[in-house]
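Architecture at a glance
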Amino acid sequence: PKEFRGGGGMSWPVVQFGELYTEPSRNGVYKSQEHHGDGVKIVNMGELFAYDVIGSQEMKRLRMSQVEMDSFGLADGDLLFGRRSLVEPGAGKCSIVEGLDQPTTFESSIIRVRLNNTKIRPRFVYYWLKSPQGRGRVKAIVTGTNVKGIRGTVLKTIEIVCPPIPTQDAIILKLRAYDDLIENNRRRIALLEQ
């Protein structure tokens with residue numbers, strides 16, 4: 001098996017991303033304009049660009065049946081990837097779904113990946129994909145000239161580091177503390193600006 005060698009002599013197994021899925025990745029839903037305006041929340045590229053963590057934000061609405069939601073619904077822990085974008089940073093941009101407060105779906109320019117939580121923590125993958133190594137793996141699969149994009153069939157082939165679960169949990173705990181600190185400082189700055 002392949003290994004990722006990091007600083008301090010540590011080495012972690014490397015696996016193909018698709019081996020960690022609980023089901024095949026899925027492109028989002030497309031519906032004509034008459035279905036828009038009410039119904040469930042829908043994650044568009046605007047939310048994907050604006051938020052690294054997608055949950056209780058206000059969003060546009062889309063009418064969906066329960067059968068459609070069974071296929072195109074989101075759940076906490078899902079990873080969302082920009083499938084196509086006019087700007088390169090949008091192609092392959094990853095956000096994580098956490099803290100959903102209502103049924104939510106996602107649009108056709110987005111790929112949903114649902115991971116096996118007993119093999120890998122979605123939050124760990126999210127953080128790793130923000131690292132230079134992770135960003136490099138995704139950037140390497142971006143194609144196109146005018147519209148940049150990634151394909152789910154290729155996304156599942158990228159190599160992902162897969163340390164033991166206790167190591168993943170420890171890394172998540174440490175990085176979440178920094179995220180919380182950054183968010184608290186952002187709120188303080190907003191208050192001071194007011």
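Here we summarise the structure given alongside this text.

About the criteria used
- Residues numbered from 1 in each chain as written.
- Predicted model: local features only at pLDDT ≥ 70, side-chain atom pairs only at ≥ 80, totals over all residues.
- Heavy atoms only, no water.
- Core = buried A, V, L, I, M, F, W, Y, C linked by side-chain atoms within 4.5 Å.
- Buried < 20%, exposed > 50% of the residue type's maximum accessible area, 1.4 Å probe, protein only.
- Helix = DSSP H or I, 4+ residues; strand = E, 2+ residues; numbered from the N terminus.
- Contact = heavy atoms within 4.5 Å.
- Pairing = 2+ DSSP bridges.

1. Focus on the nonpolar core
The biggest cluster of nonpolar side chains holds 31 residues, and the ones touching the most others in it are Phe 17, Leu 79, Phe 81, Val 113, Leu 115, Leu 129 and Leu 155. Elements represented by at least two residues in this core include exactly β2 (11-16), β7 (79-82), β9 (94-97), β11 (110-113), α3 (122-130) and β13 (159-161). It is α3 that contributes the most residues to this core, six residues altogether. The residues touching Leu 115, leaving out its near neighbours within four places in the chain, are Phe 17, Leu 20, Tyr 21, Thr 22, Leu 79, Ile 120, Pro 122 and Val 125. One finds Met 59, Met 64, Phe 72 and Phe 106 within the second-largest nonpolar core, a separate group that totals 17 residues.

2. Structural notes on the sheet that holds β9
With mixed pairing, five strands are arranged side by side in an open sheet as β3-β11-β7-β9-β5. The sheet is open, and its two edges are formed by β3 (26-27) and β5 (53-54), each paired on a single side. Judged from the four bridges that link them, β7 and β11 form a sheet pairing that is antiparallel. Within β11, the residue paired with Leu 80 across the bridge is Arg 112.

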